[in-house]
Structures are given as C-alpha cells and as structure tokens.
Amino acid sequence: MATQSADFQTLSRRYTADKGFRAFIQKGMSGYYKKRDLNKANFQDWQGARDLAAEIKYEAINHLDKYLLEFEAKITARGAKVFWAQNAESARDYILKVAEENNVRSIIKSKTMTSEEIHLNDALEKRGFGVFESDLGEYIVQLRKEPPFHLVFPAMHLTRGQISDLFQKELGSEPTDEPEKLTMIARAVMRRKYCEADMGISGTNFAVAETGMISITENEGNARLTTSLPKIHVALLGIEKVLPKLEDLSLFLPMLATAGAGQTMTCYNTMYAGPRQPGEPDGPEQLHIVLLDNRRTELLADAEQRDSLGCIRCGACLNVCPIFKNVGGYSYGTTYGGPIGSVITPHLRGLKNWKHLSAASSLCGACTEACPVKIDLHHHLLQNRRNGAKSSPNPLEKVSFGGFSLLMGHPALYRLASGLGRIFQPLQGLVNGTILDPLRAWTGSRKFPTLAPQSFQEQWKKDRGGKK
Amino acid sequence: MTGGRAIILGRIREALRNNPAPRPHTSHSQSEAAADHNGHAQREWLPKVGETLPERIDLFAKISEGLTTEFHRVPTMSAARDLLTKLAAESGWKKIGSHSHHDVDALLEGVELPIVRTEKGYAIDNLESCDAGITGCDVLVAQTGGIMVSVESAGGRALSVLPPHHVVIARTSQMVPDLTAAFEHVKQKYGKQFPSFLSFITGPSRTGDIERILVLGAHGPKRLTVILLDS
Ligand code: SF4
C-alpha cells in the first residue's frame with residue numbers, strides 16, 4: 001500500500017475519533033453557513049450567477065493560450081516581468097535569483113497557496129532569507145511550523161488558548177484569551193516587518209487579459225501592504241487564473257466573497273497593472289509575475305476534468321464536505337485539501353499515490369452544489385476511481401466482482417449461496433468484527449444485514465399457494 | 001534565466017487541440033454571453049440596486065452599517081470640515097497623512113495638525129506613525145458598500161491602508177450602482193493608461209482567523225469613515 005494512503009488512513013482515523021475536535025470545526029463553520037446563505041439570498045439569482053461564472057471560466061480555460069498571451073503582452077508593456085515556470089523548481093530558482101540579484105534581506109509574504117504548492121518558504125530560508133507570513137492565520141501556522149489547515153482559514157483548527165500559548169513562547173507576549181488582543185500582537189510584530197522588508201511575495205486570485213492586471217482578494221490589508229511598501233513585488237500566478245475581461249471581476253469578486261467566507265465583498269479587492277509607474281508616489285520598482293504550470297497542463301489535457309482548472313480556491317466545497325469536516329485538513333497530506341484537492345492532486349502529483357483520496361467520499365454531491373463555478377466535483381471523484389482501477393487493478397476487487405456477477409447471472413447458484421449464507425451467518429455473528437472475521441474490513445465499522453429466514457421467492461410461493 | 005514559455009504554450013496547445021471539453025451544465029443559455037459579453041450579463045444575477053440616486057445612497061448606507069464603515073452625509077464642505085475637526089479632536093490625532101486632491105485639500109483647509117503628504121514620495125515610518133489617512137476616491141459602489149480608490153484618487157498605494165483610520169471624502173455624483181459601472185468608469189477615465197493600483201475597499205480591515213471570530217483592524221485601518229458631500 002502506498003504510504004500516502006496509509007498516512008491518510010491513520011490520520012483520518014485519529015481526527016475522526018476526536019469528537020471535541022470535530023465539534024470545534026463544526027462550530028467554526030456554523031457562522032459561515034449562516035452568512036453565506038444570507039448573501040446568496042441577496043443575489044437576484046445565485047444559480048444564474050453560477051452558470052455565467054462557469055461559462056466565463058469555460059471560455060477562458062479552453063482558450064488559455066490566447067488569454068495568457070494577451071495578459072502577458074499587456075502587463076509587460078507596463079513594465080512587469082513575466083516568468084513562465086514549468087515546475088516548482090524553476091519557479092523557486094527564479095525567485096531566489098531575483099532575491100539574490102537585488103540583495104534582498106527580508107521578505108514579507110501575503111497568503112498564497114501556490115507558494116505552499118512549490119514549497120517556497122523552505123527554499124528561501126535555506127538560502128538564508130528571513131521570510132514572514134503576514135496573513136494572521138498563515139503567521140500562526142508558520143510559527144507552529146505547520147502547513148495551512150484549510151485553503152481559506154489556515155488556522156481554524158486552533159483554539160485561542162493554543163494561539164496565546166504560541167505567542168507567549170515565540171514572541172514573549174502576555175497570555176490572553178481575547179482574539180482581538182492576539183490579533184493586535186501579530187499586527188504590531190508585522191508592522192515592523194513591513195517597514196523593513198525589501199521583497200513582497202503574494203499570490204493572485206485572478207489575472208485579467210484585457211487590461212493586463214492581477215487581482216488580489218483579502219480581508220486584512222496585509223496583501224496591500226505587501227504590495228505597496230517593499231521595492232520588489234513577486235506575484236505567483238497559476239496559469240489557469242486568467243479571465244478575459246475586466247468586467248468579469250464584477251461577477252467573480254462578489255461570488256468569491258460569498259462562497260468563500262459568506263461576505264458581500266471581501267474587504268480589499270485590488271487590481272495591479274504593473275509596478276510603480278512614472279509619477280506615482282509609491283509601490284514597488286519591480287513586479288515579477290511567476291506564471292506556474294507545475295502539471296496544470298496535465299489537467300488541461302484531460303477534457304473530462306478540465307473544468308476543475310476553473311477553481312477559484314474559495315474553499316466552499318471543503319466547508320460543506322462531510323469528509324473534510326470529519327477528517328480535517330491535515331489528513332489529506334496535500335497542499336489542496338477537501339473535494340477539489342482530491343480531484344486535482346492525482347493529476348498534479350500522480351494517480352498512483354493519490355487515488356485513495358477519491359475513495360474518501362460519500363458521493364453526496366454537496367461539493368458540486370456548493371461550487372460557485374460549477375465544477376462537477378463528485379463525478380470527477382468517480383472518474384478518478386475509475387482511472388485508478390484501470391491503471392492499477394485490485395485483484396481482490398476483480399475476483400469479488402467476478403463472483404458477484406456469476407452469482408447474479410445464475411438463479412440456481414444465487415439460491416444455493418443465500419441458503420448457505422443463512423446457515424453460516426449466525427457463525428459469522430460470533431466473530432463479527434474480530435480478527436477471525438473474514439469480512440472484517442467491511443464489518444469492522446458496519447453491520448451486515450441479517451438475511452431473512454425465507455427468500456422473497458419462497459415467501460411468494462408459500463403465501464400465494466402457487467396461484468398465478 | 002529563460003523560463004519555459006515556449007514549452008508551456010506548446011503543452012497548452014497540445015492539450016486543447018482536437019480535445020473539446022464537455023460544455024458546462026448550465027440551465028440558461030449563457031455561452032454566447034460569456035464568449036463575447038458586453039460586461040453587463042452579470043447584472044441580471046447579482047444583488048439588486050435601486051434605480052434612483054437616493055435609493056443607491058440608502059443602500060450604501062445600509063451596507064456600510066453592516067460593515068462598520070462610519071458613513072456621514074453632509075450638505076456642504078464646511079459641514080464636512082466640522083465633522084473632520086470633531087473626529088480629529090475625539091480621536092486625539094497628532095499627525096495625519098493626505099495627498100494633493102481637490103476635495104481633500106478643501107476638507108483639510110484650516111486643519112492645524114502636521115500633515116504628511118504622499119504625492120511626491122514619503123518615508124514609510126513617517127506615514128506609518130500618522131493617526132489617519134485622508135483621501136479621495138474614484139467612485140462609491142452602492143451594490144457592495146465599496147469605495148474604489150486608485151493611485152491618483154488616494155495618493156498612492158499605502159496612504160489608504162497604512163494609518164489606523166482611513167477617512168474618505170466623496171461627492172454624491174461619484175455614487176455608481178455596481179462594480180460593472182465602477183469598471184466602466186475607470187476605463188473611461190484612464191483609457192489605456194491605468195494607474196498601477198486600483199482597489200475596492202469594503203469596510204475596515206478585518207480578520208476571522210482566530211476561532212472565526214471577527215476582529216477589526218487586522219493589518220489595515222481599524223476605522224473607515226466615508227464623508228459623502230452633496231454635489
Ligand atoms: S472547487 Fe469550487 S467550491 Fe471548491 S474551492 Fe474550487 S471554486 Fe471553490
């Protein structure tokens with residue numbers, strides 16, 4: 001068994017058994033559900049908005065080359081540099097080179113999952129650069145040396161007590177149980193970092209082809225500071241994030257806010273058209289856009305699942321997923337967790353080691369329904385299962401399904417088997433779920449229904465007395 | 001360093017060639033709208049905005065309340081000045097940041113506090129230690145309770161986010177119905193010469209990163225005041 005799959009089983013078992021933890025996550029989500037529904041209801045037609053969003057993404061993704069080139073031409077004309085990175089290594093190397101050439105000492109970052117994907121912090125720290133996450137949640141998990149727990153809420157698994165302990169230990173601050181005070185402690189630390197940093201690294205939520213802009217969505221203001229004060233701005237951008245027109249943002253910005261955090265609009269939605277222009281008072285002298293493939297083109301080549309490139313990383317599918325809510329973000333062992341992570345990780349990191357994630361699904365379809373851009377998530381999970389079974393068939397599964405179809409195709413055999421089953425079931429009951437039970441993998445967490453003393457056919461014959 | 005431009009473009013074209021994806025299951029026929037839409041298609045689905053200016057101002061005021069944006073409507077510039085003087089006294093401002101802008105200059109007439117002006121550049125620490133940043137804006141967005149700022153209307157990138165209190169002066173003629181109208185406005189105003197920074201500010205800075213509990217003033221301003229002046 002692949003170790004990733006074994007890790008997933010161990011961790012998900014541990015988290016699921018922790019009822020307190022599950023209740024804590026559930027409580028954290030409850031406010032979100034309420035606000036999300038209120039804001040959805042505010043739309044004249046949320047379903048219509050989803051349809052249009054899906055169509056715009058369809059247009060953009062299916063003409064990706066055209067829109068990327070348009071974006072590149074426009075933003076380059078404004079003085080930005082666009083670097084096309086085929087994989088994580090080339091993206092990291094480029095950013096290291098920019099930092100070294102400019103004698104950068106201190107780097108401030110705003111939230112970017114793409115940088116988690118390419119393990120950027122490690123690479124920068126190894127070369128001796130100080131790197132500070134400025135988003136509060138990211139800063140907390142960085143101090144704990146943990147990856148983010150959730151795409152949008154990185155530290156939602158921690159209690160204020162744990163955060164206070166952490167700040168006491170790492171920052172020497174006074175203990176407090178007020179989220180407000182804890183936030184102000186982080187604010188004060190970060191203020192100093194902003195004033196000192198000479199490079200800011202951000203993610204990107206959308207790129208606009210028509211006007212050559214990148215758009216960044218955030219609540220705290222940390223991304224705005226990251227992109228205003230340091231003299232160099234590096235923006236990581238997955239190739240799939242381009243939109244054709246500026247006005248498309250008037251649909252996507254409110255949808256991202258509503259689906260992602262139950263807000264009408266996120267606090268700051270900022271569009272950058274290049275580095276500081278002549279005559280402007282502030283802003284970075286250099287803007288580097290690192291356009292990342294890192295196997296996104298594999299996903300693009302899979303026409304069946306291509307729509308998953310339309311993901312705007314809102315996290316809505318995680319928030320409604322019964323699996324995510326029970327096993328939590330760390331069980332996945334991936335940068336992108338939850339339903340979307342289970343769909344795309346096999347494409348980004350190989351089917352063989354990551355197909356098990358698609359099996360961890362109740363196929364309830366809650367994710368598909370929640371997705372603002374209508375990605376067919378739960379069907380993609382099924383397709384991954386099919387692809388997984390095709391590429392590395394499980395012999396045991398093959399034998400059982402062979403047996404099953406033999407049985408179902410031959411009434412006499414079926415009768416014989418159910419007759420035997422009735423005799424042996426009481427014996428199985430004695431060992432149910434124990435190590436002696438041959439069906440243990442299944443019965444360990446489920447009840448096998450008791451076979452009826454008589455089959456339907458037998459009852460029919462008896463009750464109707466053979467009448468036609 | 002050269003990068004993989006040609007390779008990535010090649011892979012994209014290869015992936016898309018003769019390999020159409022199934023169309024999204026959409027209940028409305030919006031494919032053409034998306035392929036060549038005029039940017040207005042979304043108006044049909046997004047939250048409703050009133051037709052008249054008073055309705056729009058009411059909506060902006062209502063959303064502001066939910067966001068804890070402090071919204072004031074004043075009839076004249078001298079009333080706006082009185083309001084600012086009161087704010088400065090109440091909050092004990094010692095130093096403020098501002099920039100050269102028609103309405104901002106008028107608002108600050110007679111203010112005796114030291115002022116850090118950003119239009120010609122500034123020292124970060126000097127701006128950071130200001131108690132408030134006073135700026136103009138491009139437009140106000142009724143639909144979202146948002147304020148659109150740019151380099152030109154807000155004195156650069158940092159003035160509207162670095163000091164702990166952001167005060168915006170706007171006129172009723174700057175109220176637009178929705179985000180689409182805001183984008184149309186900037187396209188008209190700037191043509192192809194966009195400023196390098198455009199931002200929608202929707203409420204004071206906030207975070208919910210600790211137990212999903214709302215805290216204001218995470219990294220940006222804790223207070224946001226909008227002074228709306230009758231045109
Ligand atoms: S798949 Fe859809 S719901 Fe999930 S994060 Fe992406 S856009 Fe949001």
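Quick caveat: nothing in here was measured; it's all calculated off a predicted structure.

**Observations concerning the overall build of chain B**
Secondary structure summary: chain B contains eight helices and twelve strands in total. Referenced to the eigenvectors of the C-alpha coordinate spread, the extents of chain B come out at roughly 70 × 50 × 45 Å. For chain B, buried positions account for 57% of its 231 residues. Look at the contacts in chain B between residues 6 or more apart in sequence, and 72% of them connect residues 24 or more apart.

**Structural notes on helix α8 (residues 179-190) of chain B**
Residue and element names in this part refer to chain B. An ideal rise of 1.5 Å per residue puts 16 Å on twelve residues; α8 measures up with 16 Å between its terminal C-alpha atoms. Every buried residue belonging to α8 is among L179, T180, A181, A182, F183, V186 and Y190, and all of these are buried. Phi for G191, located one or two positions after α8, is positive at around 60°.

**Section: the site of the ligand**
The local shell around the ligand holds 13 residues, among which C311, C314, G315, C317 and C371 of chain A are the closest. Of the residues in the shell around the ligand, the class split is eleven nonpolar, one polar and one charged.

**A short note on the sheet that holds strand β4 (residues 199-202) of chain A**
Residues and elements named next belong to chain A. Strand order in the open sheet made by the six strands is β1-β10-β7-β4-β2-β3, with parallel pairing throughout. In the strand order of this sheet, the two ends are held by β1 (81-85) and β3 (130-133), each with one partner. Neighbour-to-neighbour, the strand axes of this sheet turn through a mean angle of 20°, independent of strand direction. Judged from the four bridges that link them, strand β2 (residues 106-109) and β3 form a sheet pairing that is parallel. Its bridge partner being in β3, K109 is matched across the sheet by E133. The strands that helix α4 (residues 64-77) touches are β1, β7 (232-238) and β10 (286-292); relative to β1, the one it contacts most, it runs at about 145°. Running at roughly 120° to β2, helix α10 (residues 179-196) makes contact with β2 and β3 of the sheet.

**Overview of the domain arrangement of chain B**
Residue and element names in this part refer to chain B. Considered domain by domain, chain B is made up of domain 1 (1-45) and domain 2 (48-229). On a C-alpha basis, the centres of domain 1 and domain 2 stand 36 Å from each other. Of the residues lining the interface, four residues belong to domain 1; the matching set on domain 2 comes to four residues. Carbon and sulfur atoms make up 28% of the area that domain 1 and domain 2 hide from each other, which totals about 280 Å². At the junction of domain 1 with domain 2, the criterion picks out one salt bridge. Among the salt bridges present, the one from D178 reaches R43, with a minimum N-O distance of 2.6 Å.

**Things to note about the confidence of the model for chain B**
Taken as a whole, chain B shows an average pLDDT of 93; of its residues, 94% reach a score of 70 or greater. Per the prediction output, this complex has pTM 0.92; the corresponding ipTM is 0.95.

**Points about unusual backbone geometry**
The phi torsion at K145 of chain A lies on the positive side, around 55°, for a residue other than glycine. Among the residues examined, K145 of chain A registers a relative accessible area of 72% and is labelled exposed. In this model, T68 of chain B sits at a positive phi of 60°, which is unusual for a non-glycine residue. Inspection of the secondary structure assignment puts T68 of chain B in the loop between α3 (53-67) and β1 (70-74). Classification of T68 of chain B by relative accessible area gives partly exposed; the value is 38%.

**What about the environment of V208 of chain A?**
All names here are of chain A. Looking at the element boundaries, V208 is found in strand β5 (residues 206-208). For the pair V208 and A77, spaced 131 residues apart in the sequence, the C-alpha separation amounts to 14 Å. Once residues within four sequence positions are removed from consideration, V208 is found in contact with F71, M213, L243, P244, K245, L246 and L249.

**Quick look at the interface of chain A and chain B**
Taken together, the contact pairs 106 residues of chain A with 92 residues of chain B. Together chain A and chain B conceal approximately 8600 Å² of surface at their shared face, both sides included; 59% is due to carbon and sulfur atoms. Remark: the boundary between chain A and chain B carries 51 residue pairs in polar contact (both at pLDDT 80 or more). In terms of residue class, the side of chain A that touches chain B is built from 49 nonpolar, 27 polar and 30 charged. With five bridges joining them, strand β9 (residues 268-272) of chain A and strand β9 (residues 197-201) of chain B adopt antiparallel strand pairing. By the bridge assignment, Y272 of chain A is partnered in β9 of chain B with F197 of chain B.

**A short note on the state of the cysteines**
All names here are of chain A. Applying the stated criterion across every chain, the model contains zero disulfides over all chains. Just so you know, C364 is unpaired, no disulfide at all, and the nearest cysteine sulfur is the one on C367, 6.2 Å from it. Of the residues examined, C367 reaches a relative accessible area of 7% and is grouped as buried.

**Here we look at the environment of L225 of chain A**
Mapped onto the elements, L225 of chain A comes out in helix α11 (residues 222-226). The spacing of L225 of chain A and K109 of chain A is 116 residues in sequence and 9.7 Å in space, taken between C-alpha atoms. Residues within four places of L225 of chain A in sequence aside, it is in contact with R191, Y194 and P230 of chain A together with V161, L162 and H219 of chain B.

**Points about the packing of helix α2 (residues 19-42) of chain A against helix α12 (residues 249-261) of chain A**
Residue and element names in this part refer to chain A. Packing of α2 against α12 leaves a shortest axis separation of 7 Å and a crossing angle of 150°. The angle between α2 and α12 falls in the class roughly antiparallel. Facing Y32, K35, R36, N39 and K40 of α2, the residues of α12 in contact are T258, A259, G260 and A261. In terms of residue class, the contact of α2 with α12 is made up of three nonpolar, three polar and three charged.

**Notes on the nonpolar core**
Counting residues in hydrophobic clusters, the biggest one holds 159 residues, and the most contacted among them are F167 and I289 of chain A together with I147 and F200 of chain B. F167 of chain A has contacts with Y139, I140, L143, G172, S173, L182, I185 and A186 of chain A, leaving out every residue within four places of it along the chain. Membership of the second largest hydrophobic core comes to 23 residues, among which are I95, V98, I107 and V131 of chain A.

**Here's the deal with the pattern of salt bridges**
Considering all chains together, one arrives at 36 salt bridges over all chains under this definition. Note that E240 of chain A and R313 of chain A form a salt bridge whose closest N and O atoms lie 3.7 Å from each other. Highlighted residues: E240 of chain A in the loop between β7 and β8 (242-243) and R313 of chain A in the loop between α13 (296-301) and α14 (316-320), separated in sequence by 73 residues. You can call E240 of chain A buried: its relative accessible area is 2%. With a shortest N-O distance of 2.9 Å, R223 of chain B and E70 of chain B are connected by a salt bridge. Of this pair, R223 of chain B sits in strand β12 (residues 223-229) while E70 of chain B sits in strand β1, and the two are 153 residues apart along the sequence.

Cut-off values and rules
Residues numbered from 1 in each chain as written. Chains lettered and ligands numbered in written order. Predicted model: local features only at pLDDT ≥ 70, side-chain atom pairs only at ≥ 80, totals over all residues. Heavy atoms only, no water. Helix = DSSP H or I, 4+ residues; strand = E, 2+ residues; numbered from the N terminus. Buried < 20%, exposed > 50% of the residue type's maximum accessible area, 1.4 Å probe, protein only. Contact = heavy atoms within 4.5 Å. Expected span 1.5 Å × (residues − 1). Near = heavy atom within 4 Å. Nonpolar A, V, L, I, M, F, W, Y, C, P; charged D, E, K, R; others polar. Pairing = 2+ DSSP bridges. Axes fitted to C-alpha atoms, helices over the stretch in contact; angles between N-to-C directions. Domains from an automatic or database assignment. Buried area = accessible area lost by both parts, 1.4 Å probe. Salt bridge = Lys/Arg side-chain N within 4 Å of Asp/Glu carboxyl O. pLDDT = per-residue confidence, 0-100. Polar contact = N/O pair within 3.5 Å; in protein donor to acceptor, adjacent residues only side chain to side chain. Disulfide = S-S within 2.5 Å. Parallel < 35°, antiparallel > 145°, perpendicular 65-115°, else oblique. Core = buried A, V, L, I, M, F, W, Y, C linked by side-chain atoms within 4.5 Å.

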